[in-house]
Amino acid sequence: MKRIICLVLTVILSAVLFTGCGKKQQNALVYFLNFKPESAAVYEELARKYEEEKGVKVKVVTAAANTYEQTLKSEIAKTEAPTIFQVNGPIGYNSWKDYCLDIKDSKIYSYLTDKSLAIKDGDGVYAVPYVVEGYGIIYNNAIMDKYFGLKSRQQKVNSVEEIKNFATLKIVVDDMTKHKSELGIDGVFASTSLSSGEDWRWQTHLLNIPLFYEYKSTEEGKDPTLSLLDAKEIAFKYEQNYKKIFDLYTENSATVKNLLGSKSVADSMAEFALSKAAMVQNGNWAWSQISGVKGNTVDANDIKMLPIYTGIEGEENQGICIGTENYFAINKNVSEEKRKASLDFLDWLFSSETGKKYVTEKLGFITPFNTFSESETPNDPLAREINRYLNDKETTVVPWIFTAFPSENFKKETGSALLDYVQGSKTWDEVKQTVVDKWKSERK
Amino acid sequence: MKSLKRYFPVFVMPTLVAFLIAFAVPFVLGLFLSFTEFRTVSDAQFVGFLNYLKIFTQDATFLNSLWFTVKFAVVSVITINFFAFIFALLLTRDVAGTKVFRTVFFMPNLIGGIVLGYIWQLIINGVLFRFGYSITSDATYGFWGLIILMNWQMIGYMMIIYIAGLSNIPTDIIEASKVDGAGWFTTLFKITIPSCMPSITRCLFLTITNSFKLFDQNLALTAGAPGGRTRMVALDIYETFYGRIGFEGIGQAKSVIFFLIVAAVSLTQLILTRRKEVEI
């Protein structure tokens, strides 16, 4: 008898020990693993709104910056796995394809204005982009006006509109550096942030341009992203152009080269917002960062965007880089009920009045869906610039082909090599070699 | 005795269950996963020793990190124990205020590694900026930054253990040695140090294992920059596992090798120093 009591006691004791861990949450049909930390609060509000309207509970979990893959990896192994998750393009799809549901019959896919944007594999459609973004060189027009009003400036280029290629950009930038005290800036470009995890603007976004030109016309009529995706090796033909623009950034920077390894993206956006720098390479998502800086001195109407010129032939007609690396996928390993609920949620988000209002006003997304009318686009200065370039007949935008870069590790190694280069511990040839070698070894 | 046996499950069961769930099961599972290829822990496929092979053929980062870790461990184990022992000697003297100082020296140990890492990054960068450098300018800065950080954090803890050891030495032996005419140095090396060998064993064990397994501080201070040259093994494993798609099994295999190395080093140390312990 005693023995039984003992056993029962033990079981209860151990049970008590572990109850804390397994606290049951009310089961949510939709579990959305969010990629954008800056939008976390909005998504949670949306989840509440959706529950009010439709009575379906939505669970939103946001991965901290730069940890999406980690979070997804551990969350998806759980019994309560995410039902909606995100992949960052064809490469991301490749690593998660065992989890992606075929959504070719879904409403969200049918809304897509340009069906070719979705990620397809064979007959199926496995991920749908939900936001179009663009990046270029953001500049503060007030500082540019001040510069062009200077009497002592160079006389070759007389307005921002005349900057149409790398040569003119360089003339202006070099001369601005000479006059930086008169302009009240620390440097023309905000810090080229190269600390770990903060170097994506260079190892991903900037590298997109030379590789786009290399793969622009490899095969007639073939999409450059697909050509790049098939590339086992790259020649890195335009490495000198990559160097040119990177050197221009670092030599006319608000921070001396040796300290760039400690700078973050937030640092450089703050420099721009405080008018300590006239230009910064970034995309329209940076608007919230610029406007969020305390004491920011940049007028919203002065924020404009230039294409990134690298001195490649024909760049006079080049626009900014526009594309997406944000694709929604539905987890196929969850119950039918959950899959349907997830698709319904996405449908609601991008087609209902409430959903659309949140998407344009609070999330600030320019979407690739036909459910949004012309007037339903976000109205921040950078989004306006994206729309301007999208509708500009004279220039052609550069697509985001970096979604075909072989791996995260490839980008990371490239970023490390760039840091070594600015600190003088690597030559440019070694940087070039790193890019070429890592491409080959990571592509396997 | 018999009744004690009967209560065995009551006392041991909860801990045993916790030990099984939190240690034994993950350990065995981890060992198993190192022989498989997997994306998430629930979809593993057996590949034999392939992962172990790949560590040395496909991926040069492991050996570099291991070498960096060994260098770090040697330097930090020596410096931490040296300074901790000196502080313990100073703070076991009959001087007013030693309690306050003991508390002050112990305090850094209460701060989490990530926070410490960022604090020291600010401090070190603050100094290096004046000369136009930052902590990532060269791997040497990162190395010494880590040493300083670890010393700052661990000295207080080790000091407390040494103090406990020192205050356990019976005063009569020390008096006896004085009567025999032993000077301060002779007393230190012939009486004090041999008598606190148990503390030394413990401190060496703690510092060796902690130095090898260092992760948070490394992540926050340099995150491996520049170019992964300040990346220690724990961080390398983490980055292999989480940062590279398709390398999960390799990361797992690395951690098994790492476990074997740390276990071998610390067990050897335990055996060696245990032998030197004397009964008082």
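Here the structure is a predicted model, which is why all the values come from computation and not from measurement.

Peer 1: Help me out: how do you make sense of the domain arrangement of chain A in this one?
Peer 2: Quite often, the size of an interface is put as the accessible area lost when its parts meet. Residue and element names in this part refer to chain A. What the domain assignment reports for chain A is domain 1 (27-132 + 324-372) and domain 2 (134-322 + 395-443). Between the C-alpha centres of domain 1 and domain 2 the distance comes to 30 Å. Facing the nine residues of domain 1 at the interface are 13 residues of domain 2. Where domain 1 meets domain 2, there are zero salt bridges.

Peer 1: In this structure, what is going on with the environment of Glu133(A)? I would like to understand it.
Peer 2: Mapping Glu133(A) onto the fold places it in strand β6 (residues 133-140). Among the polar contacts made by the side chain of Glu133(A), one reaches the side chain of Asn326(A) at a distance of 3.2 Å.

Peer 1: Sorry if this is basic, but what is going on with the interface of chain A and chain B here?
Peer 2: Taken together, the contact pairs 28 residues of chain A with 34 residues of chain B. Between chain A and chain B the total buried area reaches about 2700 Å² when both faces are included, carbon and sulfur atoms providing 60% of it. On inspection of chain A and its partner chain B, the count reaches four salt bridges. Close ionic contact of Lys73(A) with Glu248(B) constitutes a salt bridge, the shortest N to O distance being 2.8 Å. Remark: the boundary between chain A and chain B carries nine residue pairs in polar contact (both at pLDDT 80 or more). Those elements that place two or more of their residues in the side of chain A that touches chain B are α1 (2-19), α3 (68-75), α4 (90-96) and α17 (408-422) of chain A. Split into classes, the residues belonging to the side of chain A that touches chain B amount to 10 nonpolar, 11 polar and seven charged.

Peer 1: Explain the nonpolar core to me, please; I cannot follow it from the model alone.
Peer 2: Inside soluble globular proteins, nonpolar side chains tend to come together where they are buried. Formed by 88 residues in total, the largest nonpolar core has its most connected members in Leu169(A), Met176(A), Ile234(A), Phe246(A) and Met279(A). With eight residues, helix α9 (residues 200-215) of chain A is the largest single contributor of residues to this core. Not counting residues within four places of it along the chain, the set of residues in contact with Phe246(A) comprises Thr192(A), Leu194(A), Trp202(A), Leu206(A), Leu418(A), Tyr421(A), Val422(A) and Trp428(A). Ranked by size, the runner-up nonpolar core spans 52 residues in total, among them Val77(B), Leu91(B), Val233(B) and Ile250(B).

Peer 1: Where do I start with the confidence of the model for chain B in this structure?
Peer 2: Detailed conclusions should not be drawn from predicted coordinates in areas where pLDDT is low. Of the residues in chain B, 98% have a pLDDT of 70 or more, and the chain-wide mean is 89. With pTM at 0.83, the complex prediction returns an ipTM value of 0.78.

Peer 1: What is the right way to read the packing of helix α12 (residues 233-243) of chain B against helix α13 (residues 248-276) of chain B from this model?
Peer 2: Packed helix pairs are characterised by how far apart their axes lie and by the angle those axes make with each other. Residue and element names in this part refer to chain B. At a minimum axis separation of 7 Å, α12 and α13 run at an interaxial angle of 160°. Accordingly, the angle class assigned to the pair α12 and α13 is roughly antiparallel. The two elements α12 and α13 meet at a crossing, and its hand is left-handed. Contacts between α12 and α13 involve Val-233, Asp-236, Ile-237, Thr-240 and Phe-241 on the former and, on the latter, Glu-248, Ile-250, Gly-251, Gln-252, Lys-254, Ser-255 and Phe-258. Each residue belonging to the contact of α12 with α13 can be placed in one class, and the counts come to five nonpolar, four polar and three charged.

Peer 1: Would you mind showing me how to read the packing of aromatic side chains here?
Peer 2: Two aromatic rings, taken as a pair, are described by how far apart their centres are and by the angle between their planes. Taken as a whole, this structure holds 53 aromatic pairs over all chains when the rule is applied. Centroid distance Phe35(B) to Phe49(B): 5.1 Å. Interplanar angle 85°. Geometry classified as edge-to-face. Here Phe49(B) lies in the loop between β2 (45-46) and α3 (50-57) and Phe35(B) lies in the loop between α2 (8-33) and β1 (36-37), a separation of 14 residues in the sequence. For the ring pair Tyr133(B) and Tyr141(B), a centre distance of 5.9 Å and an interplane angle of 50° mean the geometry is tilted. Assessed through its relative accessible area of 35%, Tyr133(B) is described here as partly exposed. You can call Tyr141(B) partly exposed: its relative accessible area is 28%. Among the aromatic side chains, those forming a connected cluster through ring pairs are Phe32(A), Tyr43(A), Tyr130(A), Phe328(A), Phe350(A), Phe365(A), Phe369(A) and Phe372(A). Sitting above the plane of the Tyr31(A) ring, Lys59(A) keeps its charged end 4.3 Å from the centroid.

Peer 1: So what exactly am I meant to see when it comes to a nonpolar patch on the surface here?
Peer 2: All names here are of chain B. There is a patch of nonpolar side chains on the surface, built from Met-13, Leu-16, Phe-19, Leu-20, Ile-21, Phe-23, Val-25, Phe-27, Val-28, Leu-31, Phe-259 and Leu-260 and spanning about 1100 Å² of accessible area. Elements that contribute at least two residues to the nonpolar patch include exactly α2 and α13. Along the polypeptide, Leu-20 turns up in helix α2. Among the residues examined, Leu-20 registers a relative accessible area of 40% and is labelled partly exposed.

Calculation notes
Residues numbered from 1 in each chain as written. Chains lettered and ligands numbered in written order. Predicted model: local features only at pLDDT ≥ 70, side-chain atom pairs only at ≥ 80, totals over all residues. Heavy atoms only, no water. Domains from an automatic or database assignment. Contact = heavy atoms within 4.5 Å. Salt bridge = Lys/Arg side-chain N within 4 Å of Asp/Glu carboxyl O. Helix = DSSP H or I, 4+ residues; strand = E, 2+ residues; numbered from the N terminus. Polar contact = N/O pair within 3.5 Å; in protein donor to acceptor, adjacent residues only side chain to side chain. Buried area = accessible area lost by both parts, 1.4 Å probe. Nonpolar A, V, L, I, M, F, W, Y, C, P; charged D, E, K, R; others polar. Core = buried A, V, L, I, M, F, W, Y, C linked by side-chain atoms within 4.5 Å. Buried < 20%, exposed > 50% of the residue type's maximum accessible area, 1.4 Å probe, protein only. pLDDT = per-residue confidence, 0-100. Axes fitted to C-alpha atoms, helices over the stretch in contact; angles between N-to-C directions. Parallel < 35°, antiparallel > 145°, perpendicular 65-115°, else oblique. Left-handed = near helix turned anticlockwise from the far one by under 90°. Phe/Tyr/Trp six-rings, centres within 6.5 Å; stacked < 30°, edge-to-face > 60°. Lys NZ or Arg CZ within 6 Å of the ring centre and 35° of its normal. Patch = residues over 30% accessible without salt bridge, like charges linked within 9 Å, V, L, I, M, F, W, Y side chains within 5 Å. Areas by Shrake-Rupley, 256 points an atom, 1.4 Å probe, with all protein chains shown as cover.

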